[in-house]
Structure formats: C-alpha cells, structure tokens
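# Structural features, examined
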Amino acid sequence: MDDLPPPEKSLAAPRPEWRNFYGRRFGHTLRAAQKGYLSDDLGALRPAGISQAENPGRVPIDPASLFGDDRPIWLEIGFGGGEHMVAMAARYPGAGIVGCEPYINGVAMLLGKIRAAGVGNLSVYPGDARDLLDVLPAGALQKAFLNYPDPWPKRRHHRRRFVTADHLGPLARAMATGAEFRVATDIADYMRQALGEVPQAGFALEAAGAEPWHDWVSTRYEQKALREGRVPQYATFRRL
C-alpha cells in the first residue's frame, strides 16, 4: 500500500518527461494596442498552475479555481483569432470557457475581442493545451472544441495532428462522461483521421457532415477555406 500515489494526485495525467511542440509561437510584429492587451489584460485572464514552470510536479488544479465557482468548464483547443470563443462566451454566460493557444499573435487578437465584447467568462492560457490537460482532474470538462486545427498535410507529419492517441488520450481523461467534443476542418483527410481515431480514444460519433452546429460561429480560417474552394466538415463526438 505504501507504493500507491497520494490520493490527490491519482486523478492527474501521467507526468510528461519531455515532449515536442510543433507550430508557430510568434508571427508578425504586434501592434502597440496588441502589446497593451498582453501586458494589461492577459495576467488577470491567465489560469494559474498550468505551465511546467509554475507546476513542475503537475499537481492537479481545482477546476473551481478557474472561474471561482462550480460552473461547467469548456475548452477550446487552439482558438486562432478568438472569434468563436468570444461568441460562445457571450451566448453561454453560465459556462466557463478556457482557450489554449501557443500563437501569441492569436492571443493578442483574442484579448482585444474580449475587451470589446465585455465578456467575463473566459480564461486564456497562452500555451499548449496539453499543459492544461496534464493538470485537470479526470472528468473536469463538459465540452471541447477543435476548430480548424493545423492540418499538417504531409503524411510524415500526420502524427503531429491533434486527432492522434497522444493528444486524444489526455483529452478523453479530462472529459466527463457524456461530454461533447466538436471538430471542424476543411481538410478531408483530417476529418477522415478524426473519424477513425477519436472513437478509439473513448468517444462515440454522433454526427458528421457539411451541416454546422446550430450555434456555430464561422471563423476567419473557415472564411479563407471557403474563398479557396475547400468544403468545411463538422463532426460531433460524445465521451463514453
């Protein structure tokens, strides 16, 4: 019995020794206003105890600490410019939505939209979503969104896609039974992979096709896809 882990750590994900991050963290030079959003607004919206530096032991956080109450927690994995995240926060004020995005230019865009919209039920982590999934207790999430993720089109890079076991396993552990996971993409092969791998991670497919959700908010990435002739696809999964 002495070899068992402490009870408070038993709901945590296995501690990652090391892992790669692929993708951009910085883009074009930020405008003065965007720099202001980052310096003035991010600190109050950033959840504590998520990063490796803040929490090297990967001790589970209390989900109630994210918004100060026991509201349902939703996750947006890579929020891009933040259009969808802010619109969902305004539409569902009773939910607490955490967005994870390593691309700092996207974080700055989101912060500007939050300030303009005046929504107060958002939390912003400027880093890899896996950092958050490491420290969420099992079953903490009620909904998750994966909208227009990086397609990694080359076959040798497909393992970098989010819809692989290394990403989906931690997500499934952090989601409650019956929680909804939405995937939107304009890349047919990405959706093919999602339809194959997400169910293997512990989800049931509920719907897939060209019809978006009733509360869908089209993003800048979707508008670009439409202009370039690509067809958006949407899939809904349910955690078993």
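Residues numbered from 1 in each chain as written. Predicted model: local features only at pLDDT ≥ 70, side-chain atom pairs only at ≥ 80, totals over all residues. Heavy atoms only, no water.

## Some points on the pattern of salt bridges
All told, the structure shown has 14 salt bridges when counted by the stated rule. With a shortest N-O distance of 2.7 Å, Glu-83 and Arg-220 are connected by a salt bridge. Residue Glu-83 is found in helix α4 (residues 83-91), and its partner Arg-220 is found in helix α9 (residues 220-227); the two are separated by 137 residues along the sequence. Looking at Glu-83, the relative accessible area reads 17%, which means it is buried. Judged by its relative accessible area of 37%, Arg-220 falls in the partly exposed class. Between Arg-238 and Glu-206 there is a salt bridge, with the nearest N and O atoms lying 3.0 Å from each other. Of this pair, Arg-238 sits in strand β7 (residues 233-239) while Glu-206 sits in strand β6 (residues 203-209), placing them 32 residues apart in sequence. The class of Arg-238 is partly exposed, set by a relative accessible area of 26%. Residue Glu-206 is classed as partly exposed on the basis of its relative accessible area of 48%. One network of salt bridges, with partners in common, ties together Lys-143, Glu-180, Arg-182, Glu-206, Asp-215 and Arg-238. (Salt bridge = Lys/Arg side-chain N within 4 Å of Asp/Glu carboxyl O. Helix = DSSP H or I, 4+ residues; strand = E, 2+ residues; numbered from the N terminus. Buried < 20%, exposed > 50% of the residue type's maximum accessible area, 1.4 Å probe, protein only.)

## Some words on the sheet that holds strand β3 (residues 122-125)
Strands sit in the order β3-β2-β1-β4-β5-β7-β6 across an open sheet of 7 strands; the sheet is mixed. Strand pairing shows two members of the sheet lacking a second neighbour, β3 and β6, which therefore form its edges. Strand-to-strand twist across the sheet, computed as the mean angle between neighbouring axes with direction ignored, equals 15°. Sheet topology note: the strand β4 (residues 141-147)/strand β5 (residues 175-185) ladder contains 6 bridges and is parallel. Its bridge partner being in β5, Asn-147 is matched across the sheet by Ala-184. Together, β1 (73-77), β4, β5, β6 and β7 form the strand contacts of helix α7 (residues 165-174), whose direction differs from that of β5 by roughly 140°. (Pairing = 2+ DSSP bridges. Axes fitted to C-alpha atoms, helices over the stretch in contact; angles between N-to-C directions. Contact = heavy atoms within 4.5 Å.)

## Some points on the packing of aromatic side chains
Taken as a whole, this structure holds 8 aromatic pairs when the rule is applied. When the centroid spacing of 6.0 Å and the interplanar angle of 65° are considered together, the rings of Trp-74 and Phe-145 count as edge-to-face. Of the two residues, Trp-74 is situated in strand β1 and Phe-145 in strand β4; the sequence distance between them amounts to 71 residues. For Trp-74, a relative accessible area of 9% puts it in the buried group. We classify Phe-145 as buried; its relative accessible area is 1%. Where Trp-213 meets Tyr-234, the ring centres are 5.3 Å apart and the plane angle is 75°; that geometry is what we call edge-to-face. Taken as a pair, Trp-213 in the loop between β6 and α9 and Tyr-234 in strand β7 lie far apart in primary sequence, 21 residues in all. The ring of Trp-74 carries Lys-143 above its face, with NZ or CZ at 4.4 Å from the centroid. (Phe/Tyr/Trp six-rings, centres within 6.5 Å; stacked < 30°, edge-to-face > 60°. Lys NZ or Arg CZ within 6 Å of the ring centre and 35° of its normal.)

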